[in-house]
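Topology and contacts: notes
Here is what each chain is made of, one letter per residue.
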Amino acid sequence: MDYSEYRSHDAIGLAELVATGQVSASELLETAIARLDTVEPTLNTVVRRLDDKARIRAREPLDGPFAGVPFLLKDLGQDLAGEPTSCGSRVLADLPMDENSVIVDRWLGAGLVPFGKTNTPEFGAKGITEPEAFGATRNPWDPAVTPGGSSGGSAAAVAAGVVPAAGASDGGGSIRIPAACCGLLGLKPGRGLVPTGMRGGEPLHGAATNGVICRTVRDAAAFLDVMAGPYAGGPYLVERAQSYAEAARSAPKRLRIGYETVSPIGTPVDPEAEAAVDAAVAVLEELGHHVEPASTGIDERRLAEDFLTMWFATAAAEVAEACRLTGARPEDFEFDTRIIAAVGRSTSASDYIAAHARWAEYASGLAQFHERYDLLLTPTLAFPPSRIGELDTPRWMRRAGEALLRTRTAWIATRAGFIDRVVDDNLGRTPYTQLANITGRPAISVPLHWTTSGLPLGVQFVGPLGGEGVLLALAGELEQARPWFDRQPPLAPAELSAAS
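Residues numbered from 1 in each chain as written. Predicted model: local features only at pLDDT ≥ 70, side-chain atom pairs only at ≥ 80, totals over all residues. Heavy atoms only, no water.

Where an unreviewed UniProt entry is consulted, the chain appears under the name amidase, with the organism given as Rhodococcus rhodochrous J3. Quoted verbatim from the Catalytic activity (unreviewed entry) field of the UniProt record, the comment on the chain reads "a monocarboxylic acid amide + H2O = a monocarboxylate + NH4(+)". Taken directly from UniProt, the Sequence similarities (unreviewed entry) text for the chain runs: "Belongs to the amidase family." (UniProt positions renumbered as here; feature names shortened; annotations may be inferred.)

Set out below in structure tokens:
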């Protein structure tokens, strides 16, 4: 199949070609593999190739709404039996999984053909994708900058035209951040709607969820129809009034939308991020929606601190479990992982419980906001995508951290401003996304803006509990008003070679 024709279809379109006999699943797969081979030397999107397994699957009878469509799994929490899930860590790179994740079973049941696992930072702990074990993934719009994270490998592959959609997950913005960096659509479902983890479970107390990054609203909706719903042993019984595909095709009512651009944690915001929201406001008003400045009234600086309390403690547990499974030592992990895990181990149980208990306050505050407004609009990112290596931990900080680790006094870092600096330097670039995770609300990043230098910079809409249908309906309306599907990064092979 000619690549230009392949790129002109979304996942639903490719599935229709297979279903009508115009192309075979094997032909689609070979086109996707060839495209990956073309872009991969520069972009580094995939850390584990599954070409041979995929070729066998593509020759089998496949059923489902995405039968025969090539797909990529994120190498974090999306386990495929017999293959390792490295989570971006060299420690887990050779440990095969015993069974499929619940979400992977649902994707396979939909007829998708996975042929690789995408790059992610170690344990998905960053909004960039630059793991030491596998190297940095680069953005197809400019290989000198990041595609975001932690689903950066997936986003880069979709933006580069390798696949129309790819597996992603979001514990603090990891679907929306890379979607915003790469000019794509990224929907984070609400808590409990989509299963997460090998046997489901609730990583990060349900703040984390699986999803996809894709190019069209109808794909986002159809994938959510496939992914959503309860499972045996799950914590929630999820009921839906209609299919998400139907919701996406429906025109939304005229919405009342409150927007803000100020960083909720008090850090700077780039004028391009403000311009992205201004552009969104303009098109929303053209469409007849009521849009006005607003504030949630939530103390999001404290929310960020409570988020990190959980994040650091989770890192400590993940490191301990990886060591138990593999016999690895703490020094086998990246420096940043070791320092946050050390801080996590120093967190008292009472402090952890108090931080988690405040989640209910934040959810109540956002619910009150949604009594006044249908949706919250913010930038997805406070800055355009950072340059590769820009967010590396400074040498002086590494030296100080190594000394703390050697003397087992990492807890001092919380009192010495060490962690505060990490918060400002990292969450300061993505201060808008954690709110939806902590409160369990759905949120979507929509590609409505490109910077003056040609980089994508999406905007985020946060919906109320159960608001996925409203988000998809509005995204569909915006997609028609400001189409983005045909915008492509400059990815001729010669340009890629020069950029690398």
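This is not the end of the story, as more comes after the structure.
Some thoughts on the overall build of the chain
Of the regular secondary structure elements, the chain holds 20 helices and 11 strands. For 500 residues, the compact-globule formula gives about 23 Å, and the C-alpha radius of gyration of the chain, at 21 Å, lands near that figure. Taken over the C-alpha atoms alone, the chain extends approximately 65 × 55 × 50 Å along its principal axes. The buried share of the chain, reckoned over its 500 residues, is 61%. Once local pairs closer than 6 in sequence are excluded, the contacts in the chain between residues at least 24 apart make up 79%. Accessible surface for the chain amounts to roughly 18800 Å². Of this, 51% is attributable to carbon and sulfur atoms. Taking the average place of the 45 positive charges on the side chains of the chain and the average place of its 62 negative ones, the gap between the two points comes to 4 Å. (Helix = DSSP H or I, 4+ residues; strand = E, 2+ residues; numbered from the N terminus. Rg over C-alpha atoms; globule rule 2.2 N^0.38 Å. Buried < 20%, exposed > 50% of the residue type's maximum accessible area, 1.4 Å probe, protein only. Contact = heavy atoms within 4.5 Å. Areas by Shrake-Rupley, 256 points an atom, 1.4 Å probe, with all protein chains shown as cover. Lys, Arg positive; Asp, Glu negative; His and termini not counted. Charge placed at Lys NZ, Arg CZ, Asp CG, Glu CD.)

Thoughts on the sheet that holds strand β2 (residues 70-74)
Read across the open sheet, the three strands follow the order β1-β3-β2; overall the sheet is mixed. Here the strands that pair on one side only, and so sit at the sheet edges, are β1 (46-49) and β2. Within this sheet the neighbouring strands show an average axis-to-axis angle of 40°, counted without direction. Here β1 runs beside strand β3 (residues 113-118); their pairing, made up of three bridges, is antiparallel. For Arg-49, the partnering residue across the bridge sits in β3 and is Gly-116. Against the sheet, helix α4 (residues 51-58) engages β1 and β3, with an angle of about 160° to β3. (Pairing = 2+ DSSP bridges. Axes fitted to C-alpha atoms, helices over the stretch in contact; angles between N-to-C directions.)

Some remarks on the sheet that holds strand β10 (residues 443-446)
On the basis of which strands lie adjacent, the open sheet formed by eight strands has the order β4-β6-β5-β10-β11-β9-β7-β8 and mixed pairing. Here the strands that pair on one side only, and so sit at the sheet edges, are β4 (165-170) and β8 (290-293). Direction aside, neighbouring strands of the sheet carry axes that sit 25° apart on average. The strands touched by helix α14 (residues 359-372) are β7 (256-259), β9 (375-379) and β11 (459-462); relative to β9, the strand with the most contacts, the crossing angle is about 110°.

Notes on the pattern of salt bridges
Inspection of every chain in the model, using the stated rule, returns 23 salt bridges. One salt bridge in this structure joins Arg-218 and Asp-10, with 2.7 Å as the shortest N-O distance. One end of the pair, Arg-218, is in helix α8 (residues 217-227); the other, Asp-10, is in the loop between α1 (3-7) and α2 (11-19), and 208 residues separate them in sequence. For Asp-10, a relative accessible area of 6% puts it in the buried group. One salt-bridge network, in which partners are shared between bridges, spans Glu-30, Asp-52 and Arg-55. (Salt bridge = Lys/Arg side-chain N within 4 Å of Asp/Glu carboxyl O.)

With respect to the nonpolar core
In this structure, Phe-66, Trp-107, Phe-115, Phe-223, Leu-377 and Phe-461 are the most contacted members of the largest nonpolar core, which totals 102 residues. Those residues in contact with Leu-377 that sit more than four places away from it in its chain are Ile-257, Gly-258, Tyr-259, Glu-260, Val-277, Ala-280, Val-281, Leu-284, Val-459, Gln-460 and Phe-461. Within the second largest apolar cluster, 44 residues are counted, among which are Ala-294, Phe-312, Ile-339 and Tyr-362. (Core = buried A, V, L, I, M, F, W, Y, C linked by side-chain atoms within 4.5 Å.)

Focus: α14
For α14, with 14 residues, the first-to-last C-alpha span of 21 Å sits near the 20 Å given by 1.5 Å per residue. In the core, the buried residues of α14 are packed alongside β7, α11 (300-326), α13 (349-357), β9, α18 (434-439) and β11. (Expected span 1.5 Å × (residues − 1).)

Examining the packing of helix α12 (residues 335-345) against helix α15 (residues 395-406)
A pair of packed helices is characterised by two quantities: the angle between their axes and the separation of those axes. Where α12 contacts α15, the two axes come as close as 10 Å, and the packing angle between them is 50°. The orientation of α12 with respect to α15, classified from their angle, is oblique. Note that α12 runs across α15; the crossing there is left-handed. Contact residues: α12 offers Phe-335, Arg-338, Ile-339 and Ala-342, while α15 offers Met-397, Arg-398, Gly-401, Glu-402 and Leu-405. When the residues that make up the contact of α12 with α15 are grouped by side-chain class, the tally is five nonpolar, one polar and three charged. (Parallel < 35°, antiparallel > 145°, perpendicular 65-115°, else oblique. Left-handed = near helix turned anticlockwise from the far one by under 90°. Nonpolar A, V, L, I, M, F, W, Y, C, P; charged D, E, K, R; others polar.)

Regarding the pairing of β3
Counted residue by residue, β3 has six buried out of six residues, so it is predominantly covered. Where β2 meets β3, four bridges bridge the pair, whose relative direction is parallel. For Leu-73, the partnering residue across the bridge sits in β3 and is Lys-117.

Observations regarding the packing of aromatic side chains
A complete count under the given rule lists eight aromatic pairs for this structure. The ring of Phe-485 is capped by Arg-7, whose NZ or CZ atom sits 5.2 Å from the centre of that ring. (Phe/Tyr/Trp six-rings, centres within 6.5 Å; stacked < 30°, edge-to-face > 60°. Lys NZ or Arg CZ within 6 Å of the ring centre and 35° of its normal.)

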